[in-house]
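In case you want the letters, here they are:
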Amino acid sequence: MSSSPLPSPSPSSSPSPLLTPDRVVAVLRAAGCVFAEDEAALILAAARTPAELAALVERRVAGLPLELVVGWAGFRGLRVSVAAGVFVPRRRTEYLVEQALARVPDARVVVDLCCGSGAVGAALAAALGPVELHAADIDPAAVRCAARNVAAYGGRVHRGDLFAALPAGLRGRVGILAANVPYVPTGEVALLPAEARDHEPRAALDGGGDGLDVLRRVAAGAPPWLAPGGRLLTETSARQAPRAVDAYTRAGLTAEVAVCADTDAYVVIGGLPD
């Protein structure tokens, strides 16, 4: 985004006349924001003072993702707290949650692996009612952020590498194992939109040479953790789906792909064979 000069905030308690809602919309539109009116409304609601409004608009004009500007992202009707250095949940991933709820509607133990903000775990707990919720991520910033988002559901967040982060007592008990793993091939990370490429942790995006390194590790490690009837769900792409299915079957899991045409979401779902 190109920068557009903003007025200095008024020292008085009333907003600067130059930063009216219409002015905010105009500045955002000039900076290239396609949905300038919607973004302006969110920024105006988030700002508590004229000085804060000016600062928030400056950050958005400089290219900071809107979710990081206002401090939250919408996800399945929830307002999920986000923070700098943490992967911002995508609306596409709501389909993973929907598939999990459809496949295991009576799940009592839920694990959100590679949790980032904890949006998936929070959304599952909100829909299922009282559950034992665990989330895990290797990144300390993600762990801190997720802790805020799952607290309302009694969730616990663990720091560590995939299954090594989880309490051993979860083995054989997990009804829903959701893992929104990084799946962008290394060579394509540079092609991502600047908002993701420049402001989100590379570890949350880069899935290795073909994008499936982490997915393969999750599939290989999942069977001992799943309860009878439990399901592992991971997000992937159309191009990667056949190899993702192969990773599941090699791990001894059943595998199928669910597709949402509206959001171009691909979710691989598997469980222990009957």
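Report follows, based on the coordinates. (Residues numbered from 1 in each chain as written. Predicted model: local features only at pLDDT ≥ 70, side-chain atom pairs only at ≥ 80, totals over all residues. Heavy atoms only, no water.)

## Some thoughts on the overall build of the protein
Thought 1: Helix and strand counts for the protein come out as ten helices and nine strands.
Thought 2: Across its three principal directions, the C-alpha atoms of the protein cover 65 × 40 × 30 Å.
Thought 3: Taking all 274 residues of the protein together, the buried fraction comes to 50%.
Thought 4: The contacts of the protein with a sequence gap of at least 6 include a subset with a gap of at least 24, amounting to 60%.
Thought 5: Put simply, the protein shows about 12,300 Å² of open surface, and 55% of that area lies on carbon and sulfur atoms.
Thought 6: Averaging the positions of the 26 positive and the 28 negative side-chain charges in the protein gives two centres separated by 4 Å. (Helix = DSSP H or I, 4+ residues; strand = E, 2+ residues; numbered from the N terminus. Buried < 20%, exposed > 50% of the residue type's maximum accessible area, 1.4 Å probe, protein only. Contact = heavy atoms within 4.5 Å. Areas by Shrake-Rupley, 256 points an atom, 1.4 Å probe, with all protein chains shown as cover. Lys, Arg positive; Asp, Glu negative; His and termini not counted. Charge placed at Lys NZ, Arg CZ, Asp CG, Glu CD.)

## A few points about the packing of helix H5 (residues 94-103) against helix H6 (residues 119-128)
Thought 1: Taken N-terminus to C-terminus, the directions of H5 and H6 make an angle of 40°; their axes are 10 Å apart at the nearest point. With respect to H6, the axis of H5 lies oblique. Taken as a pair, H5 and H6 cross one another with a handedness that is right-handed. Contacts from Leu 96, Val 97, Ala 100 and Leu 101 in H5 reach Val 120, Ala 123, Leu 124, Ala 127 and Leu 128 in H6.
Thought 2: Classifying every residue of the contact of H5 with H6 gives nine nonpolar, no polar and no charged. (Axes fitted to C-alpha atoms, helices over the stretch in contact; angles between N-to-C directions. Parallel < 35°, antiparallel > 145°, perpendicular 65-115°, else oblique. Left-handed = near helix turned anticlockwise from the far one by under 90°. Nonpolar A, V, L, I, M, F, W, Y, C, P; charged D, E, K, R; others polar.)

## Concerning unusual backbone geometry
Outside of glycine, negative phi angles account for most residues, and trans bonds account for most peptide bonds.
Thought 1: Positive phi is not limited to glycine here, since Cys 114 has a value of about 55°.
Thought 2: Here Cys 114 is to be found in the loop between strand E3 (109-113) and H6.
Thought 3: The phi torsion at Leu 162 lies on the positive side, around 50°, for a residue other than glycine.
Thought 4: Along the chain, the position of Leu 162 falls in the loop between strand E5 (156-159) and strand E6 (174-179).
Thought 5: For Leu 162, a relative accessible area of 9% gives the class buried.

## Some thoughts on the pattern of salt bridges
Thought 1: Under the counting rule described, the total for this entry stands at 14 salt bridges.
Thought 2: A salt bridge links Arg 103 to Glu 256; its shortest N-O distance comes to 2.7 Å. Of this pair, Arg 103 sits in helix H5 while Glu 256 sits in strand E8 (residues 256-260), and the two are 153 residues apart along the sequence.
Thought 3: Using a relative accessible area of 39% as the deciding quantity, one classes Glu 256 as partly exposed. (Salt bridge = Lys/Arg side-chain N within 4 Å of Asp/Glu carboxyl O.)

## Let's talk about the pairing of strand E2 (residues 78-81)
Regular strands place side chains that alternate from one sheet face to the opposite one.
Thought 1: Inspection of the sheet shows strand E1 (residues 72-75) paired to E2 by four bridges, in the antiparallel sense. Its bridge partner lying in E2, Trp 72 is registered against Ser 81.
Thought 2: Connecting E1 to the next strand, E2, in antiparallel fashion are two residues, including Arg 76 with a positive phi near 50°. (Pairing = 2+ DSSP bridges.)

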